[in-house]
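# A structural walkthrough
One-letter residues, chain by chain:
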Amino acid sequence: MSNDKGTVLVVDDHIQSVELLECILQDNGYKYISVYSAEEAWEILRERKEDIKVILLDRMMPGMSGTDLLKLIRDDEQLEEIQVILQTALARDIDIAEGTDAGANKYVSKPYDEKLLLSMLNACIKEYDKIHRLKEMARK
């Protein structure tokens, strides 16, 4: 199994949320790229898809929403391995169902519980690595 944690793409329109996530990621040895809109995230994904294992994606943003970006990601075969943790202040059952229906691998509500977030992140990286290994084996 790979020890490479890979790169986490942080997507949130609130600078305080981005800074908090950057601190958590940095303190735990993760590489990350931060952007402030779904449109910027889409550009990064098109350019650097091979670097990104997990996206911490805010659900509600001006312009393209996180859910809209998630649907684009799930419709793109080149991005399907990437794990997505949808993060939002919306934590009703219906909100969680909409996020998972759109293709979120995990769902975390704000404010963050750091241990829970890191647990989800580690699980997503393991899942990404497993899927990536299986695809590599299938190509051989």
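Anything mentioned here points back to the structure above.
Keep in mind it's a predicted model, so treat the numbers as computed, not measured.

What follows deals with the overall build of the chain. When helices and strands are counted, the chain shows five helices and five strands. Relative to a compact globule of 140 residues, whose C-alpha radius of gyration would be 14 Å, the chain shows 14 Å and is just as compact. Counting only C-alpha atoms and orienting by the principal axes, one finds that the chain spans roughly 45 × 30 × 30 Å. Looking at the chain residue by residue over its 140 residues, the buried ones come to 45%. The contacts in the chain between residues at least 6 apart in sequence include a share of 68% that link residues at least 24 apart. Of the accessible surface of the chain, which amounts to about 7500 Å², a share of 50% is contributed by carbon and sulfur atoms. Put simply, the chain has 19 plus and 28 minus side-chain charges, and the middle of one group is 7 Å from the middle of the other.

Turning our eyes to something else, we now look at the pairing of strand β5 (residues 106-109). In this structure, strand β4 (residues 83-88) lies alongside β5, joined through four bridges in parallel fashion. Within β5, the position partnered with Gln87 by the bridge is Val108. The handedness of the β4 to β5 crossover, carried by helix α4 (residues 93-102), is right-handed.

What counts and what doesn't
- Residues numbered from 1 in each chain as written.
- Predicted model: local features only at pLDDT ≥ 70, side-chain atom pairs only at ≥ 80, totals over all residues.
- Heavy atoms only, no water.
- Helix = DSSP H or I, 4+ residues; strand = E, 2+ residues; numbered from the N terminus.
- Rg over C-alpha atoms; globule rule 2.2 N^0.38 Å.
- Buried < 20%, exposed > 50% of the residue type's maximum accessible area, 1.4 Å probe, protein only.
- Contact = heavy atoms within 4.5 Å.
- Areas by Shrake-Rupley, 256 points an atom, 1.4 Å probe, with all protein chains shown as cover.
- Lys, Arg positive; Asp, Glu negative; His and termini not counted.
- Charge placed at Lys NZ, Arg CZ, Asp CG, Glu CD.
- Pairing = 2+ DSSP bridges.
- Right-handed = clockwise from strand over helix to strand, strands pointing away.

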